[in-house]
Each structure stands twice: as structure tokens, then as C-alpha cells.
Amino acid sequence: MSEVSRHREGEAAEIASLLEKIQAGDREAFMTIIRLYQQKVFVMAYSILRDREDALDAVQETFLRLYQKAGLYRPGNSFQGWLLQMAKNISIDAYRKHQRKRREWETTRPLEEIPVAAEPARTGDSAAADLRSAFARSVDTLAERQKMVFVMRHYNELQFSEISEAMKISIGTAKSLHFKAVQNLRKRLAPVLGIES
Amino acid sequence: MSMRKMTKAEWAAFLSGDREEGRRRIMGEHIEKSPGWQAEAAAIERLLKETEAVKAEIREAAASVNWDTLPAMIADRALAAGVQARRNVADSPRWGWLASFPLKPVLAGLAAGLVVGAAAMYFTLRAPGVRRGQDNAYYASGDFLDRAELEMARRNTLDYLEKSQYVLLDVFESADEGPVVPPALRSERARDLLQKKKYLNAQLERFQMAKAKVLCDQIETLFLELSQLDEELSAAELGRIRGFVEERQLLLKINLVKKELQSGV
């Protein structure tokens, strides 16, 4: 058995033990798990929601759900994958809710109250800000699975094996979705990036 | 590696870093040599650089979060929610879980489907005609039916013996004082009794009425002979029949068996 697989097994056993304690209501064990994974969950939530407060809400919601469903984790599967899947689902739900609220707000507010101009760029370089905004919009418009794979790969910096566990797809599918996402982004951003489409 | 051999799959593998170092190097060299692929690689590289900007934004947002206090805050919320949930479970009525069903459209739909399906099955498959409850008046147990049939067998045997007795007495009286009953009628009665005996055989066998069966068989033999003889019996024939009856003590046996059967009725 290699050093890496021994390390992984030890880690999995530690997680399983912490989850058992969480089921018994152990506050300290729960806090340990949060400390270990809170930033990874935040990156996942922020990548989808692109808002600090919304992402923090999603982080809290994810760990609250973990506290309730710790018994559902199957040892042998990747805990990180399982947790990030939960975070992804919660963030997507929140994102949809926000989108719906925004649409409702826009349809119920008087026209003159709706900001029609784009938000001012936060950085000084407006061209760079435009590109970043265009890039964010393009990622947003990708098909959901392509978007998730892209976000997990580039923002969360996950391995394809971890992405496949988090999304419950094969590694081959994850790679294929990633390729399609890159191709689509390339097509959509060709005019902005000044490259041939 | 020719330009044509650089497929989508190769690109996907190259982009995902899913190639061993040697293969990656060869692909890199190939891209460097081909201006078309070089431009493509540069475009993708430029595109992926944009992820750095987003990553920087995420890092900036993450840096502003107090990660030391967040775990305690979440743990407090979770424990409070857990206590509240246990309290709600304890306070909820016994059938409180039913109240959650209307909130779940899939379950509600499933339940409605089951009800409609069951109703459709009932109306489609129920037996036509007599309904349950209406046929109770005709119900009889197997035991009761057996006893009724035994009773019928006894009565039929009694009737057969009695009628046979009349015919035999008639034959005897005819032998002493001349015909009381016209011979045609006597023969007809004998034939009737022969018919009846055929029906009686099954009953006598079924209920194992051995004694009555032996007697009835003897009477049957006699009647068979009577029905085959001429209507006008000669004195010799009558004497032979009378001898047969007396020899077998048929009349006495008829009386005894009749009494036995009557006591059982």
C-alpha cells in the first residue's frame, strides 16, 4: 500500500470518527470539521453566488445540513466530494432564489427606480473590468454541469477525481464537460479577447 | 504527430492535464510547431488567465471573513436548531407527520394516483351479478348438505320399499283370489320401481346402507322378472314368485329395514 493511500485511509477514518461524534452531539467535533472545510465550501459557494454575504449564508447552511445529515455519509466515498456536493446544491438553490427575487423586484418596481446603467467598475482599469465582467457572465451562461465542472476545476482547484465524486459523474464525463465548457467560453469570449472564433 | 491527429479528445486531455509528462511534452512541441494550434493554445491560455482574476476576487472575499469565529457561530446555530427540532418532535401530535404530506407534491400525487388506481381496479374487476351479503340466504355448509342428502336417501329407500311391498302383496293376493289390480298396472308399477332403483343405487352406495341395498337388489331381481313375464301370470309363475319371496323372507325383511330406516328419520 502506497504512502498516499495510507494517508487517505487515515484521513477517512478520522473523518468517520468525527462524524460519529457529531451524530452524538459533540460540538467540538463539529467545529473541527467546520475548521477543516469552511474555506473550501466558501470558495464553492462564492464561485456560484459571487457575493460574500450570500456565500457565507450558504456556508452556514451547508454545515447545518451536515450536522443534520452526518449519519447519511457513506464511509469509503470522498467526504470532501460529498460536502462540496451539498454546498453546490445549496448555492445553486440560493442562486435561483436570488434570480427569482430579482426578476420579481424588477417587474414590480417602477421603471425609473431600476438601475439601467452598468455598475461602475471596482478597479481602475475599465477594459480589464469589462473583460472580467464578460468572463463572469459567460461562465454564468454555461450549461449547469459545464459551469460546475469549470468552477470546481479552476476556482476550487479540485482534481477531476474529486469533481467526479462531488457531481456523481465519471471522471471521463467530468473531463469532457470541462473541455466543452472551455470551448464554449472560447467561442463566447472570442470578440472580447480579440481571438478568432 | 500530424495536425489531423490532434483530436478533440487530445485537446481535452491536454487541457485537463490528464497526460503523462512525456506525452504532454510531445503535445507541447507539436503545438509549438503548428501555428494554427499555437494560436488556439494561446487563446485558451488567455481565456483561462481570466480565472485568475476571479480567483483573486474569491481570495479577497475570503480574506475578509473571520474564519476563527465562524465555526463556533455555526455550531451554536446547529445545536440550537437540533434542540428546537427535538422539542418540535416531542411536542408534535402522534399523527403530526401526516401534516407534512400536503407540502410534498410528489407524495401527494403518488397518494392520489394510488387512490384513483385502486378505485378504477375496484370498478373494473368487481364480479358482476350477485353482491356480497345478498347471497347469505342461500349459504349452506358442506356438512349440512351431506346430512340432507342422507335424509333424502333414507326417505327414497323407504318409499321404494313401501311401494315394492304393495306390488308384492298385490302379486300374492292375485295368486290367492284372482287379480285385484289389473296386470298391466302391476307391470307398470314394477317398471317404475325398476327405474327408481337405478336412481336409488347411487344413494345406497354413497351412504353405505348395505342392508337396505341387499334387500333392494333382491326386490329388483324379482321385479325384473315380473316386468319380463306376460301380463297374465300363470298360476305356476305366480307360485314360483311367491316361493322366491317366501324363501328369501322378503316381506319380513322389508318390514324390518323399513322400521330401521323410520327410526333413523
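Residues numbered from 1 in each chain as written. Chains lettered and ligands numbered in written order. Predicted model: local features only at pLDDT ≥ 70, side-chain atom pairs only at ≥ 80, totals over all residues.

## Some thoughts on the overall build of chain A
Rules: To qualify as a helix, a DSSP run of H or I must reach at least 4 residues; to qualify as a strand, a run of E must reach at least 2; elements of each kind are numbered from the N terminus. Counting other C-beta atoms within 10 Å of each residue's C-beta, where C-beta atoms are placed from the backbone, gives the exposure class: buried for 20 or more, exposed for 12 or fewer, partly exposed between.
On a plain count of helices and strands, chain A comes out with eight helices and zero strands. The buried share among the 197 residues of chain A stands at 35%.

## Examining the overall build of chain B
The helix and strand tally for chain B stands at 10 helices and zero strands. In chain B, the order of α-helices and β-strands from amino to carboxyl end is α-α-α-α-α-α-α-α-α-α. For chain B, the residues scored as buried account for 14% of the 265 residues in total.

## Regarding the packing of helix H7 (residues 160-167) of chain A against helix H8 (residues 171-193) of chain A
All names here are of chain A. In plain terms, the rule: Lines fitted to C-alpha atoms define the axes here, with helix axes fitted over just the stretch in contact, and angles between the N-to-C directions of these axes take values from 0 to 180 degrees. By definition in this entry, angles of less than 35 degrees are roughly parallel, angles greater than 145 are roughly antiparallel, angles of 65 to 115 are roughly perpendicular, and the rest are oblique. Contacts are defined on C-beta atoms placed from the backbone: any two residues whose C-beta positions lie within 7 Å are in contact. In this classification, the charged set is Asp, Glu, Lys and Arg, the nonpolar set is Ala, Val, Leu, Ile, Met, Phe, Trp, Tyr, Cys and Pro, and all remaining amino acids, among them Gly, are polar.
It is the contact of H7 with H8, at a shortest axis distance of 8 Å, that shows an interaxial angle of 100°. When the axis of H7 is compared with that of H8, the two are roughly perpendicular. Contacts from Phe160, Ser161, Ile163, Ser164 and Met167 in H7 reach Ile171, Ala174 and Lys175 in H8. In terms of residue class, the contact of H7 with H8 is built from five nonpolar, two polar and one charged.

## Comments concerning unusual backbone geometry
All names here are of chain A. Backbone geometry at Arg50 places phi at a positive 55°, although glycine is not the residue there. Topologically, Arg50 is positioned in the loop between helix H2 (27-49) and helix H3 (52-69). Overall, Arg50 belongs to the partly exposed group, with 17 C-beta atoms counted inside 10 Å. Even without a glycine there, the phi angle at Glu157 is positive, about 55°.

## Details of the interface of chain B and chain A
Contact with chain B, which involves 32 residues of that partner, is made by 36 residues of chain A. Of all the elements in the fold, those that place two or more residues in the side of chain B that touches chain A are helix H1 (8-15), helix H3 (35-63) and helix H4 (70-91) of chain B. At 13 residues, H3 of chain B tops the list of elements feeding residues into the side of chain B that touches chain A. Here the side of chain B that touches chain A is composed, by residue class, of 22 nonpolar, four polar and six charged.

## Considerations on the packing of helix H6 (residues 144-154) of chain A against H8 of chain A
Residues and elements named next belong to chain A. In contact at an axis separation of 8 Å, H6 and H8 are set at 95° when each is read in the N-to-C sense. Judged by the inter-axis angle, H6 sits roughly perpendicular to H8. Between H6 and H8, the contacting residues are Arg145, Gln146, Lys147, Val149, Phe150 and Arg153 on the first element and Ala174, Leu177, His178, Lys180, Ala181 and Asn184 on the second. Residue classes in the contact of H6 with H8 are distributed as five nonpolar, three polar and four charged.

## Let's talk about the confidence of the model for chain A
Residue and element names in this part refer to chain A. Quick note on the threshold: Note: pLDDT gives the predictor's confidence per residue, expressed from 0 to 100.
Per-chain confidence: chain A averages 81 in pLDDT, with 80% of residues scoring 70 or above. Considering each helix and strand of chain A separately, the mean pLDDT is smallest for helix H5 (residues 126-141), with a value of 77, and largest for H3, with 93. Here residues 116-123 scores under 50 on pLDDT; set against residues more than four positions off or in separate chains, the count is five contacts.

## A look at the nonpolar core
Using the following cut-off: Structurally, a nonpolar core is described as a collection of buried Ala, Val, Leu, Ile, Met, Phe, Trp, Tyr and Cys residues joined by way of C-beta atoms within 7 Å. All domain edges in this entry derive from an automatic or database-based domain assignment.
Among the nonpolar cores identified, the biggest contains 56 residues, and Val41, Ala45 and Ala87 of chain A are the most heavily contacted of them. Ranked by residue count, the leading element in this core is H2 of chain A, at 13 residues. A domain split of this core shows at least three residues from each of domain 1 (1-116) and domain 2 (119-197) of chain A. Residues contacting Ala87 of chain A, with those up to four places away along its chain left out, are Val41, Met44, Ala45, Ala58 and Thr62 of chain A. Ranked by size, the runner-up nonpolar core spans 22 residues in total, among them Leu161, Leu215, Ile219 and Ile241 of chain B.

## With respect to the environment of Ile58 of chain B
Inspection of the secondary structure puts Ile58 of chain B in helix H3. According to the C-beta neighbour criterion, Ile58 of chain B is buried, with 22 such atoms within 10 Å. Those residues in contact with Ile58 of chain B, other than ones at most four positions away along the chain, are Val43, Tyr46, Ser47 and Tyr155 of chain A.

## Observations concerning helix H8 (residues 210-228) of chain B
Using the following cut-off: To estimate the expected span of a helix, subtract one from its residue number and multiply by 1.5 Å.
The end-to-end C-alpha separation of H8 of chain B is 27 Å, in line with the 27 Å expected for 19 residues at 1.5 Å each. For H8 of chain B, the full list of buried residues reads Ala212, Leu215, Cys216, Ile219, Glu220, Leu222, Phe223 and Leu226 of chain B.

## Thoughts on the environment of Glu144 of chain A
All names here are of chain A. Of note, Glu144 is situated in helix H6. Glu144 gets classed as exposed once you count the C-beta atoms within 10 Å, which come to 9. Separated by 37 residues in the primary sequence, Glu144 and Ala181 place their C-alpha atoms 9.9 Å from one another.

## Describing the confidence of the model for chain B
Predicted coordinates in regions of low pLDDT should not be interpreted in detail. Residues and elements named next belong to chain B. For chain B, mean pLDDT is 75; residues scoring 70 or higher make up 71% of the total. The secondary-structure element of chain B with the lowest mean pLDDT is H1, recorded at 66, while helix H5 (residues 105-125) shows the highest, at 87. Model confidence for the complex: the whole-complex pTM is 0.53, and ipTM, which rates the interface, is 0.75.

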